[in-house]
Amino acid sequence: MPFVSPEDFAKEKIGAVQDYSILAWRAIANFFSSPRYMADVYTQMDLIGVGSLPTIALTGFFTGSVLALQSATSLKAFGATTMTGSLVALSMVKELGPVLTGLMLAGRNASGMASELGSMKVTEQIDAMRALGTDPVRKLVTPRLYATVVMLFFLTIVADAVGIAGGALVSVTMLGMNTSTYFHSSYRSLEYADIVQGLTKPLFSAFIIATVGCYFGMNTKGGTQGVGRATTQAVVVSSIFIIIVDFLVSRAMIGVFGR
Amino acid sequence: MADQSRSGAAFPSKPSEAPVVVFDNVSIAFDLKPVLQNISFQVKHGETLIILGPAGGGKSVMMKLANGLMKPDSGRILIFGEDITQMSEKELYKLRARIGMVFQESALFDSLSVENNVAYRLNEDHVPEAETHERVVEALKFVELEQAIAKFPSELSGGMRRRVSIARAIISKPDLILYDSPTGGLDPITSTTIIELVMKQRDVSHTTSLVITHRLQDAFTLAMNRFNTQTNAMERIPNDGIDESTKFLVLNEGRIVFDGSTRELVGSNDPWLREYLS
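The structure contained in this document is the topic of the report that follows. (Residues numbered from 1 in each chain as written. Chains lettered and ligands numbered in written order. Predicted model: local features only at pLDDT ≥ 70, side-chain atom pairs only at ≥ 80, totals over all residues.)

1. Concerning the overall build of chain A
At step 1: In terms of regular secondary structure, chain A is built from eight helices and zero strands.
At step 2: Along the chain direction, N to C, the helices and strands of chain A fall in the order α-α-α-α-α-α-α-α.
At step 3: For chain A, the residues scored as buried account for 45% of the 259 residues in total.
At step 4: Long-range contacts, defined here as pairs at least 24 residues apart, represent 88% of the contacts in chain A between residues at least 6 apart. (Helix = DSSP H or I, 4+ residues; strand = E, 2+ residues; numbered from the N terminus. Buried ≥ 20, exposed ≤ 12 C-beta atoms within 10 Å, placed from the backbone. Contact = placed C-beta atoms within 7 Å.)

Below, the structure written as structure tokens:
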């Protein structure tokens, strides 16, 4: 591997941040001017949203289940097993629902976007699109961005609901809790701020998944090997960004709402 | 370099005589490695410029520069009299409505059928469905591929993909067509079929075109034959004639080594050129 001077390395990274920022800004701004590719938005919503539903539902269900199982053991020591519903609901809605849904979607869709656009890039389909008078960012990136933002929001709600239901199933069937107690405890523990926090995070995660996935796809170089590299980078970078942004949003929300 | 009158920055002032393509001292480098250096040439209306040269000589880069898909580091590129190096991407999209491009590996959209690939530009312009279908069939008939209208690119052979790519490029009746190695990677028989289509477009529509090829045989077939609309086949120009609208540009290591007519190319005494042509 050739040695790269620190100056060149820094320039390359700053250039990448600049390119990413321009791509992200254009992807957002394109929606406010014509032409709008609404058919592509709906297609992407189907692929991203409906296509990810089983994965997200399974992830949410078993996360809620295992959370109930583990927390009940700890809460038993304090004689507070009735608080299991509260712990599962708060954890799912504020943290695990948004983050795990984001990470699962990053694995499924950021990789998909990077490989699809990357393949188009290396086979000159992106250039062909430009040559035929179509802006590839408007046609390919903007629909994916808006579709991901809308669908991740609803997928997170599904994950939260299914997670709480999973926790209920474990609590009732394996821990001998009362169904009414579990749901009452869950309902009473959740406040407006928790819901806002839990539903703000997917908006940021979706933005990261779509823009990072599309950025690596649109900048793919080096044939099929390059497509593989872009796919891996898209998943790794978007996953790391989701976790970092999750912390920042949590801190900001605690600052605003006090919890 | 032969035919110096076609090179350089001395452009005719009358719009009707203005060249369709002008490269004026164009240079571009990738990672500090020069790919094209001080390239100047012109292509007049109705001319076909065949671009020859060894692989890696900057031919495809020149084609992408001509369509505004890349920006040069220095120099000017005038297409239809407009300096595309100063244009924004949005302005370029409008200009590209007058330009058709055939890519080296066809670059068909693999998620779209042949019909939707060919109709892509018309669909973007919201042309009525019935008219679009009619024009797609017409374009596919031109490339003799109307039976493949419902197929997907993955179901086509390399030669068929190239023909669909030509149909996609000509459907909007462009004023300029850029063929980037239309016969690259094809067997000799299929290559001749593709060259015949390029010739048909040249002789039937008289469209100005730039044709990259690394096959000398294809280049001279284009220069020494014409398309007969009566027999719907190409034929040799009588008395060892050549097509006067077909010119040659030879590139080597990013520089022009020849720019002129077929006769000047064949009669050139340049040692490198003679070795290349032999």
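2. Quick notes on the overall build of chain B
At step 1: Scanning chain B from terminus to terminus reveals 10 helices and 12 strands.
At step 2: Reported as C-alpha extents along the three principal axes, the dimensions of chain B are approximately 50 × 45 × 40 Å.
At step 3: Among the 278 residues that make up chain B, the fraction classed as buried is 44%.
At step 4: For chain B, contacts bridging at least 24 residues in sequence account for 63% of all contacts bridging at least 6.

3. Side note on the pairing of strand β9 (residues 225-228) of chain B
At step 1: Pairing geometry for β9(B) and strand β10 (residues 233-236) of chain B, over four bridges, is antiparallel. When the sheet's bridge partners are listed, B:Phe227 is paired in β10(B) with B:Met234. (Pairing = 2+ DSSP bridges.)

4. Digging into the nonpolar core
At step 1: One finds B:Ile51, B:Ala66, B:Val118, B:Ala167, B:Leu178, B:Leu210 and B:Leu249 to be the most contacted residues of the largest nonpolar core, which totals 130 residues.
At step 2: Tallying contributions element by element places helix α3 (residues 84-122) of chain A first for this core, with 15 residues. (Core = buried A, V, L, I, M, F, W, Y, C linked by C-beta atoms within 7 Å.)

5. Digging into the interface of chain A and chain B
At step 1: Listed per partner, the contact involves 11 residues of chain A and 13 residues of chain B.
At step 2: In terms of residue class, the side of chain A that touches chain B is made up of three nonpolar, four polar and four charged. (Nonpolar A, V, L, I, M, F, W, Y, C, P; charged D, E, K, R; others polar.)

6. Observations concerning the sheet that holds strand β2 (residues 33-43) of chain B
At step 1: The strand order β2-β1-β4-β5 (chain B) describes an open sheet built from four strands, whose pairing is antiparallel. A strand with exactly one partner marks an edge of an open sheet, and here the two such strands are β2 and β5 (82-83) of chain B.

7. With respect to helix α6 (residues 158-170) of chain B
Residues and elements named next belong to chain B.
At step 1: Helix length check: α6 (13 residues) gives 19 Å between terminal C-alpha atoms against 18 Å at 1.5 Å per residue, within 8%.
At step 2: Burial runs high along α6: 11 of the 13 residues are buried.
At step 3: Listed as buried for α6 are Met-160, Arg-161, Arg-162, Arg-163, Val-164, Ser-165, Ile-166, Ala-167, Arg-168, Ala-169 and Ile-170.
At step 4: Those residues of α6 that are buried lie in contact with β6 (99-102), α3 (114-118), α4 (120-124), α5 (129-142), β7 (176-179) and α7 (188-205). (Expected span 1.5 Å × (residues − 1).)

8. Some remarks on the pairing of strand β4 (residues 74-79) of chain B
Residues and elements named next belong to chain B.
At step 1: As paired elements, strand β1 (residues 21-30) and β4 share five bridges and run antiparallel to each other. Note on β4: the bridge partner recorded for Phe-23 is Ile-77.
At step 2: Bridge count between β4 and β5: two bridges; the pairing is antiparallel. Counted as the bridge partner of Leu-78 is Asp-83 from β5.

9. Looking at the packing of α3(A) against helix α7 (residues 192-218) of chain A
All names here are of chain A.
At step 1: In contact at an axis separation of 7 Å, α3 and α7 are set at 15° when each is read in the N-to-C sense. In this view, α3 runs roughly parallel relative to α7, as classed from their interaxial angle. Here α3 runs over α7; the crossing is right-handed.
At step 2: When grouped by side-chain class, the residues that make up the contact of α3 with α7 number 17 nonpolar, 10 polar and five charged. (Axes fitted to C-alpha atoms, helices over the stretch in contact; angles between N-to-C directions. Parallel < 35°, antiparallel > 145°, perpendicular 65-115°, else oblique. Left-handed = near helix turned anticlockwise from the far one by under 90°.)

10. So, the environment of B:Ala150
All names here are of chain B.
At step 1: Looking at where Ala-150 falls in the secondary structure, it is placed in the loop between α5 and α6.
At step 2: With 34 residues separating them along the chain, Ala-150 and Asn-116 place their C-alpha atoms 8.9 Å apart.
At step 3: Once residues within four sequence positions are removed from consideration, Ala-150 is found in contact with Ser-113 and Glu-115.

11. With respect to unusual backbone geometry
At step 1: Here A:Ser34 and A:Pro35 are connected by a cis peptide whose omega angle stands at 0°.
At step 2: Among the secondary structure elements, A:Pro35 is positioned in the loop between α1 (6-29) and α2 (38-77).
At step 3: In the Ramachandran plot, B:Asp31 falls in the positive-phi region, its phi being about 50° despite a non-glycine side chain.
At step 4: With a phi close to 75°, B:Ser106 is a non-glycine residue in the positive phi region.
At step 5: Relative to the helices and strands, B:Ser106 resides in the loop between β6 and α3.

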